[in-house]
Amino acid sequence: MTAVPTIQGLENPPIGRREVLDWVAEVADLTTPDRVVWCDGSQEEWDRLTKELVDAGTFVQLDPDKKPNSFYAASDPDDVARVEERTYICSVDPADAGVTNNWMDPAEMKATMTELYRGCMRGRTLYVIPFCMGPTSAERPMLGVELSDSAYVVVSMHIMTRMGAEVQRLLDGDTDWVPALHSLGAPLEPGQEDVRWPCNQTKYITHFPEERMIWSYGSGYGGNALLGKKCYSLRIASAMARDEGWLAEHMLILKLISPEEKVYYVAAAFPSACGKTNLAMLEPTIPGWKVETLGDDIAWMHFGADGRLYAVNPEAGFFGVAPGTNWKTNPNAMRTIERGNSLFTNVALTDDKDIWWEGMEGEPEHVLSWKGQDWSPANGEAGQPAAHPNSRYCTPMSQCPILAPEWDDPNGVPISAILFGGRRKTTIPLVNESFDWQHGTFMGATLSSEKTAAAAGAVGQVRRDPMAMIPFIGYNVGDYFQHWIDVGKGADADKLPRIFYVNWFRRGDDGRFLWPGFGENGRVLKWIIQRLEGKAAATETAIGHVPTADQIDLDGVSEPLEDIEASLKVDIEEWRAEIPLIEEWFDSIGEKLPTSMRDELEALKQRLGVS
Ligand code: GTP
Ligand code: SPV
Ligand code: MN
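Definitions and cut-offs
- Residues numbered from 1 in each chain as written.
- Chains lettered and ligands numbered in written order.
- Predicted model: local features only at pLDDT ≥ 70, side-chain atom pairs only at ≥ 80, totals over all residues.
- Heavy atoms only, no water.
- Helix = DSSP H or I, 4+ residues; strand = E, 2+ residues; numbered from the N terminus.
- Rg over C-alpha atoms; globule rule 2.2 N^0.38 Å.
- Buried < 20%, exposed > 50% of the residue type's maximum accessible area, 1.4 Å probe, protein only.
- Contact = heavy atoms within 4.5 Å.
- Areas by Shrake-Rupley, 256 points an atom, 1.4 Å probe, with all protein chains shown as cover.
- Lys, Arg positive; Asp, Glu negative; His and termini not counted.
- Charge placed at Lys NZ, Arg CZ, Asp CG, Glu CD.
- UniProt positions renumbered as here; feature names shortened; annotations may be inferred.
- Near = heavy atom within 4 Å.
- Polar contact = N/O pair within 3.5 Å; in protein donor to acceptor, adjacent residues only side chain to side chain.
- Core = buried A, V, L, I, M, F, W, Y, C linked by side-chain atoms within 4.5 Å.
- Pairing = 2+ DSSP bridges.
- Expected span 1.5 Å × (residues − 1).
- Bend = angle between axes of the 7 residues up to and from the residue.
- Salt bridge = Lys/Arg side-chain N within 4 Å of Asp/Glu carboxyl O.
- Arc of directions from axis to C-beta.

On to the overall build of the chain. Looking only at helices and strands, one finds 15 helices and 29 strands in the chain. Its C-alpha radius of gyration of 24 Å places the chain within 12% of the 25 Å reference for a compact globule of 611 residues. Each of the three principal axes of the chain carries a C-alpha extent, and together these read 70 × 55 × 45 Å. Within the span of the chain, comprising 611 residues, buried residues form 62% of the whole. The long-range fraction of contacts in the chain, counting pairs at least 24 apart against all pairs at least 6 apart in sequence, stands at 73%. Summing over all exposed atoms, the chain offers an accessible surface of approximately 22,500 Å²; the carbon and sulfur share of this is 49%. Here the chain holds 56 positive side-chain charges and 91 negative ones, and the gap between their average locations is 2 Å.

As structure tokens, then:
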């Protein structure tokens, strides 16, 4: 089809690729924006759009002396997190979406959403955002084009993805690209005044895995709207990875340097708001050990020519949980945001135009809460927090003072250990090493965690969150487990990463954390590395190789030894109580559950003396 000349900006595109141009024209025709803007990722574009967002009241510019070139935004109170119940995998066969995803027939979904999209950008601008996930120098650059009517999305994509001339050049070649359509669903009638955070009560976050296509509607928030992130890099990429023999995972990537200057790369999957960013930027408390960061949320892992598994972070920024971040828990995140060029959403705004959140040092006398209300420590809106529990900072990775120089290497880094972890008050010990890859896959497949504020819904409830991927697997969870098994089978066992299961969140009777966490987690990393080197002892238990307190370096830990011991305890009764929960979870998967996972469960029951 040809371009519709009535929409300003549709002519003279800086892109030559016919399929892209046709798609833009088709979307413009359907959504009827006032104008089309072709984004180039430039500084000029950032300056122009952030100014427009300030003028519109969406952004408040922060004091440049405190946070240069940085902005504050408060969302609609009903648009604060991913909406899992509105997230769909529209595979042709419902069995390919499986038991953990919402499914709708792709044709039916397209019909429904096409009606929602009709005229939905009236009075607004359609931004064309070409982007690349992972280094543009990759053998196969992972391209996408997001069409969005949100300037907030454009500037967030500046931080979170690679944009710019090189991406536009690549897009004009013949590399595959993912179309990702996004609308706030908030058309403006002539003369109608805009709101600060336009969105729609009706929300759809939809994936068409066979077509490698994303349609999102109604939300302006993070993982619902920045479509390069969870939608592309996990849900669509996991389906690509299944078809092509690699892994797309919800994992941080870190580099650990021992006192002997030996280098190890570790990937770790924890559910949303369970400590990935914190571990990725760890400052170990034990002398001589150093961490450098490569990624805090997503890892793409491919086998290299040497048979090892190499990880690349597809993102270029951190979209981190704000509350709890401070100079003690995560000094490197604080240093990264201090350098400015950052966006803050749903945190509190101080009277001197800086940001604050629960857990940050220097509690102010007065702030505007994320809901725009007066808040002070005393009146605290009847216990309401000043910052939303899922408030976020969005900041360029390049500003992180401990960024590993190889973060942008298209070949990635060879992974020595994979960690799974969740937030559990009981049962799960501080650290546990799997017997082998299949047992490690079982650990991941049965990972459980208390629900956090990163997704809408009740916080605190224990749910299974396989590989920390339950909201992000773009296909059937049983097939996903089989894919993990197959990846292991296809590899040289000696070269595979070793798999561990950690829990920083076990608690005592009074609710206190048994393990100090944060920088002290370096002690657990040290034990893991020494296991790889064959230098650390462990105790073989029913659930895996678990250290006793004297097998971990605890020199200088101030917590009582009994607490550390309790954090490491393998309590057979607690584990017996866990079995029916695992059985229920496996039963829910049905016939696609691999027999090897059933075998692992039976073996665990035997070791626990459960019939
Ligand atoms: P997403 O960005 O949602 O995927 O989350 P994440 O996994 O990166 O979580 P993050 O590192 O941002 O941590 C979330 C919350 O857990 C913060 O409030 C942290 O303060 C807290 N947290 C992180 N590490 C630890 C730890 O070792 N111990 C304890 N007790 N809390 C921790
Ligand atoms: C998560 O929820 O895991 C996040 C934030 O990292 S979001 O981008 O909303 O997915
Ligand atoms: Mn995440």
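According to UniProt, the positions carrying the feature "binding site: GTP" (unreviewed entry) are Ala273, Cys274, Gly275, Lys276, Thr277, Asn278, Arg392, Arg423, Phe518, Gly519, Glu520 and Asn521. The largest pairwise C-alpha distance within this set of annotated residues, which runs over 249 residues, is 24.1 Å, so the set is dispersed in three dimensions. Tracing the sequence through the fold places Thr277 in helix H8 (residues 276–280). Residue Thr277 is classed as buried on the basis of its relative accessible area, which comes to 14%. Not counting residues within four places of it along the chain, the set of residues in contact with Thr277 comprises Asp296, Gly320, Asn330 and Tyr393.

Attention now goes to the site of ligand 1. As a structural note, the neighbourhood of ligand 1 is formed by 22 residues, with Ala273, Lys276, Thr277, Asn278 and Arg392 the closest of them. The side chain of Lys276 places a nitrogen or oxygen atom 2.8 Å from an oxygen atom of ligand 1. For ligand 1, the accessible surface in isolation is 670 Å², of which the surrounding protein chains cover 92%. The element that contributes the greatest number of residues to the shell around ligand 1 is H8, accounting for three residues.

Grouped burial of nonpolar side chains is what soluble globular proteins tend to show. Grouped together as the largest cluster of nonpolar side chains are 128 residues, with contacts concentrated most on Trp357, Phe481 and Trp484. In terms of residue count, the dominant contributor to this core is helix H4 (residues 151–160) (eight residues). Not counting residues up to four positions away in its chain, the partners in contact with Phe481 are Thr441, Ala445, Pro466, Met467, Trp585, Ile589, Leu593, Pro594 and Met597.

Where a strand is regular, its side chains alternate between the two sheet faces. Counting buried positions over the six residues of strand S13 (residues 290–295) gives five, a clear majority of the element. Examined bridge by bridge, strand S11 (residues 251–257) and S13 share five bridges and lie antiparallel to one another. Among the inter-strand pairings, Lys255 is bridged to a residue of S13, identified as Glu292.

To continue, consider helix H7 (residues 228–244). When the terminal C-alpha atoms of H7 are compared, their 20 Å separation across 17 residues is substantially less than the 24 Å that a helix rising 1.5 Å per residue should span. Ala237 marks where H7 bends most, by close to 40°. Within H7, 14 of the 17 residues are buried, leaving the element largely enclosed by the surrounding structure.

Moving on: the side chain of Glu249. By secondary structure assignment, the location of Glu249 is in strand S10 (residues 247–249). In this structure Glu249 is buried but unpaired, with Lys276 as the nearest side chain of opposite charge at 11 Å. Within polar-contact distance, the side chain of Glu249 engages the side chain of Tyr480 at 2.5 Å. For Glu249, the residues in contact, after removing those within four places along its chain, are Leu234, Asp297, Ile298, Ala299, Met301, Met467, Met469, Tyr480 and Trp484.

Turning our attention to helix H13 (residues 561–568). If you check which residues of H13 are buried, you get Asp563, Ile564, Ser567 and Leu568. Down the axis of H13, the buried side of the element spans an arc of 135°, and every buried residue falls inside it.

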